[in-house]
Amino acid sequence: MAEVFATVKDLKAWRRKQDGLRVGIVPTMGALHAGHGTLIEAIRPKVDRVVMTLFVNPKQFGPSEDFDRYPRAFESDVKLAESKGVDTIFAPSLEEIYPEGFSTRVEEQDRSKPLCGIFRPVFFGGITTVVLKLFHLVEPHLAAFGKKDAQQYYVIQKMIEDLHMSVELLPVETVREADGLAMSSRNAYLSAEERERAPRVYRELNHALDRMRAGMGVERALSEAKMELDRHGFKTQYFDLRTVPDLSEARSLEHSRHYLLAVAAYLGATRLIDNLEFEF
Ligand code: PAF
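Not measured: the values here are computed from a predicted model.

Could you give me a rundown of the overall build of the protein, with the residues and numbers involved?
Secondary structure summary: the protein contains ten helices and nine strands in total. For 280 residues, the compact-globule estimate of 2.2 N^0.38 gives 19 Å, and the C-alpha radius of gyration of the protein, at 19 Å, lies within 12% of that figure. If one aligns the C-alpha atoms of the protein with their principal axes, the spans along those axes are about 55 × 40 × 40 Å. Within the span of the protein, comprising 280 residues, buried residues form 54% of the whole. A sequence separation of at least 24 residues applies to 71% of the contacts in the protein between residues at least 6 apart. With an accessible surface of roughly 13,200 Å², the protein has 50% of that area assigned to carbon and sulfur atoms. Side chains of the protein carry 38 positive and 42 negative charges; the gap between the two charge centres is 0 Å.

As structure tokens, then:
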């Protein structure tokens, strides 16, 4: 059985007793799926204690975004976490994390600007604020993050570097459904008909990559992929190529460099993101 804490005081008291042990953290917003399962599986053998945090963080949602309807599934989250070997769950209330008068915000100002940063201006500042807070509370040696949220991963990596933090990051590959759709808690919003169409996002990523590798110019491959998604009823926010890890714009491919090909598109009311990372 995992221990479940809801208060900072209880979590800190627990943390003081783990002296000498290696602690890992898996930060989540709950509504766990198999992708979260792989985060736990990846970190479990590398640490003595695994802490999973379940907290839907209001600071990373814009005023017209889906904070209120974001799926919440505490009971089944606890079961999944326990079945994968989580030792400790931290599931605080809103007031516990952001008590009345809370007035601090932590912002990475470079990698957080392109891609999702253009369309969700408060998103990454909200993430770095809560993740830094969770890191301070749990004092982890290792932190697992999924590469489906690749930009989040590189923003947190930069925050860690900039603030000389000693936590190490454990990147975990995206987990996909059999038809290629990247797993996400937001997939629960898709209607049956949208669910059928959603794997096109991953197909267009692969298609664009194949075309670039075959010599098509980057601009053209990106704009054709975007047009193709839009032609199939998606509203594409971006289809972009960036260098890794700095997320600078890339408009040609150079040998031995690492790239992130990333997309965000609405299908009905559901915002889907996905990406491919590759070396040229
Ligand atoms: O990736 C997520 O689920 C969230 O952005 C995180 C890292 C838990 C912060 O709220």
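Tell me what's going on with the site of the ligand, and back it up with residues and numbers.
Near the ligand the following residues occur: Pro27, Thr28, Met29, Asn57, Gln60, Ile127, Val130, Val131, Phe145, Asp149 and Gln152. Gln60 places a side-chain nitrogen or oxygen 2.6 Å from an oxygen atom of the ligand. Here an oxygen atom of the ligand sits 2.7 Å away from a polar atom, N or O, in the side chain of Gln152. Contact with the protein chains hides 89% of the accessible area of the ligand, taken as 290 Å² for the molecule alone. Across the shell around the ligand, the residue classes tally to six nonpolar, four polar and one charged.

Lay out the pattern of salt bridges with the relevant residues and their values.
Here the structure, examined in full by the defined rule, presents 19 salt bridges. For Lys84, the salt bridge identified is with Glu41, shortest N-O distance 2.6 Å. Of this pair, Lys84 sits in the loop between α3 (74–83) and β4 (88–90) while Glu41 is found in helix α2 (residues 34–43), placing the two residues 43 residues apart along the sequence. One network of salt bridges, in which partners are shared, links Glu219, Asp240, Arg242, Glu249 and Arg251.

Rules used throughout
Along each chain, numbering runs from 1 in the same order as the chain's sequence is written. Given that the model is predicted, a residue must reach a pLDDT of at least 70 before its local features are reported, and side-chain atom pairs must reach 80 or more before they are shown or counted; all residues, however, enter totals for whole chains, interfaces and linings. By convention in this description, side-chain values take in all heavy atoms of the structure and omit both hydrogens and water. A run of DSSP states H or I qualifies as a helix once it reaches four residues; a run of E qualifies as a strand once it reaches two. Both are numbered from the N-terminal end. Here the globule rule is a power law, 2.2 Å times the number of residues to the power 0.38, and the radius of gyration is based on C-alpha atoms. Buried means the residue's accessible area, taken with a 1.4 Å probe over protein chains only, is under 20% of the maximum for its type, while exposed means over 50%, and partly exposed covers the values in between. Only heavy atoms enter the contact rule, under which two residues are in contact if any of them lie within 4.5 Å. What sets the accessible areas is the Shrake-Rupley method with a 1.4 Å probe; for residues, cover comes only from the shown protein chains. When charges are counted, neither His nor the chain ends are considered; positive counts come from Lys and Arg and negative counts from Asp and Glu. Every charge is mapped onto a representative atom, which is NZ of Lys, CZ of Arg, CG of Asp or CD of Glu. It suffices for a single heavy atom of a residue to lie within 4 Å of a molecule or strand for the residue to be listed as near it. Counting of polar contacts relies on pairs of N or O atoms within 3.5 Å, with two restrictions inside protein: one atom must be capable of donating a hydrogen and the other of accepting it, and residues adjacent in sequence are counted only when both atoms are side-chain atoms. Basically, the charged four are Asp, Glu, Lys and Arg, the nonpolar ten are Ala, Val, Leu, Ile, Met, Phe, Trp, Tyr, Cys and Pro, and anything else, Gly included, counts as polar. Salt bridges are counted wherever a side-chain nitrogen of Lys or Arg sits within 4 Å of a carboxyl oxygen of Asp or Glu.

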